[in-house]
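The chain contents come next:
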Amino acid sequence: MSGCCGPTNPARDPEPDGGYSRIFSTRFSRSVSRRYERRGLTGTERRMIGFLEASLPRGLGQATVLEVGGGAGEIQLELLKRGAASTTNLELSGAYEADAARLIARAGVAARVRRSVGVDLAETPDAVEPADVVVLHRVVCCYPDYERLLGAAADHARRALVFSYPPRNPLTRWWVAMGNALLALGAGSFRAFVHPPEAMLDVVRRHGLQPVYRRRGGAWCIAGAVRPS
């Protein structure tokens, strides 16, 4: 699963940033950001934004956004175009910053964007304020402890949460196992994860959100939840 890896234990990984920047490198960032510049958002990203627009009574107007692992910030830029007031990006890898700065400058939204590198929401949830909406795209599969990560994300979502994850079936589990084997051969600590979807939704429910949207896809599934009024 492309872009879907994580250390088996980030807190104990010997690499300074948990090894994330070795996988999510400047080369990876350049590929993703250039694709966005040429072709715009992917279908999955458009659907995630569509859910957020539909789930808020007045749309995205003046909403605050927190994205965990947002990379160069493509989703955030599109949310700002649609009326969001501000965005905060938490990223473990610093390799995205040059491309993010270029995209932000081109969009003219520097005053509305905050980026923090090295902040692990699951480990230090108090490091960032809650936001109206929280986004995690291709992130849950990069983290071993989905309960802590999704629990912290749900606690930070005042109005809505949306996240993507790989489908859990024999093919994806085999594919991820093969990828993990290759990573192990390279002596890296990164591993990919195909967490159980129902268990992830249970975490969201326990933290006060109501799942209202699910879309199953071949590569990425989407789950969306709202906070009852």
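The paragraphs below set out a description of the structure included in this document. Given the structure is predicted, the values throughout are model-derived calculations rather than measurements.

### A closer look at the side chain of Ser-93
Line of reasoning, step 1. Structurally, Ser-93 can be placed in the loop between strand S3 (86-91) and helix H5 (97-107).
Line of reasoning, step 2. Using a relative accessible area of 0% as the deciding quantity, one classes Ser-93 as buried.
Line of reasoning, step 3. In this structure the side chain of Ser-93 is engaged in a polar contact, spanning 3.2 Å, whose partner is the backbone nitrogen of Ala-95.

### Examining the environment of Glu-78
Line of reasoning, step 1. On the secondary structure map, Glu-78 appears in helix H4 (residues 74-81).
Line of reasoning, step 2. Of the residues examined, Glu-78 reaches a relative accessible area of 11% and is grouped as buried.
Line of reasoning, step 3. In sequence terms Glu-78 and Gly-40 are 38 residues apart; their C-alpha atoms lie 9.3 Å from each other.
Line of reasoning, step 4. Apart from the residues lying within four places of it in its own chain, the contact partners of Glu-78 are Tyr-36, Leu-41 and Ile-49.

### Some points on the pattern of salt bridges
Line of reasoning, step 1. Tallied over the full model, the rule gives 14 salt bridges.
Line of reasoning, step 2. For Glu-53, the salt bridge identified is with Arg-82, shortest N-O distance 3.7 Å. Of this pair, Glu-53 sits in helix H3 (residues 43-55) while Arg-82 sits in the loop between H4 and S3, and the two are 29 residues apart along the sequence.
Line of reasoning, step 3. Since its relative accessible area comes to 35%, Arg-82 is described here as partly exposed.
Line of reasoning, step 4. The residue Arg-158 makes a salt bridge to Asp-132 at a minimum N-O spacing of 3.3 Å. Of the two residues, Arg-158 sits in strand S6 (residues 157-165) while Asp-132 sits in strand S5 (residues 131-136), which places them 26 residues apart along the sequence.
Line of reasoning, step 5. A residue is classified by how much of its surface remains accessible, and Arg-158, at 42% relative accessible area, is partly exposed.

### A closer look at unusual backbone geometry
Line of reasoning, step 1. Positive phi is not limited to glycine here, since Gln-62 has a value of about 65 degrees.
Line of reasoning, step 2. Along the chain, Gln-62 falls in the loop between H3 and strand S2 (64-68).
Line of reasoning, step 3. In this structure Gln-62 comes out as exposed when scored by relative accessible area, which is 62%.
Line of reasoning, step 4. Even without being glycine, Arg-138 reaches a positive phi, approximately 55 degrees.
Line of reasoning, step 5. Among the secondary structure elements, Arg-138 is positioned in the loop between S5 and helix H6 (146-155).
Line of reasoning, step 6. When its relative accessible area of 23% is taken as the criterion, Arg-138 is described as partly exposed.

### Remarks on helix H8 (residues 197-206)
Line of reasoning, step 1. Along H8, the positions that sit buried rather than exposed are Pro-197, Met-200, Leu-201, Val-203 and Val-204. Seen end-on, H8 carries its buried residues on one side only, within an arc spanning 150 degrees.
Line of reasoning, step 2. Downstream of H8 by a residue or two, Gly-208 has a phi angle that is positive, lying close to 90 degrees.

Reading guide: rules and limits
Residues numbered from 1 in each chain as written. Predicted model: local features only at pLDDT ≥ 70, side-chain atom pairs only at ≥ 80, totals over all residues. Heavy atoms only, no water. Helix = DSSP H or I, 4+ residues; strand = E, 2+ residues; numbered from the N terminus. Buried < 20%, exposed > 50% of the residue type's maximum accessible area, 1.4 Å probe, protein only. Polar contact = N/O pair within 3.5 Å; in protein donor to acceptor, adjacent residues only side chain to side chain. Contact = heavy atoms within 4.5 Å. Salt bridge = Lys/Arg side-chain N within 4 Å of Asp/Glu carboxyl O. Arc of directions from axis to C-beta.

Everything listed here is a matter of geometry and, on its own, says nothing about what the molecule does.
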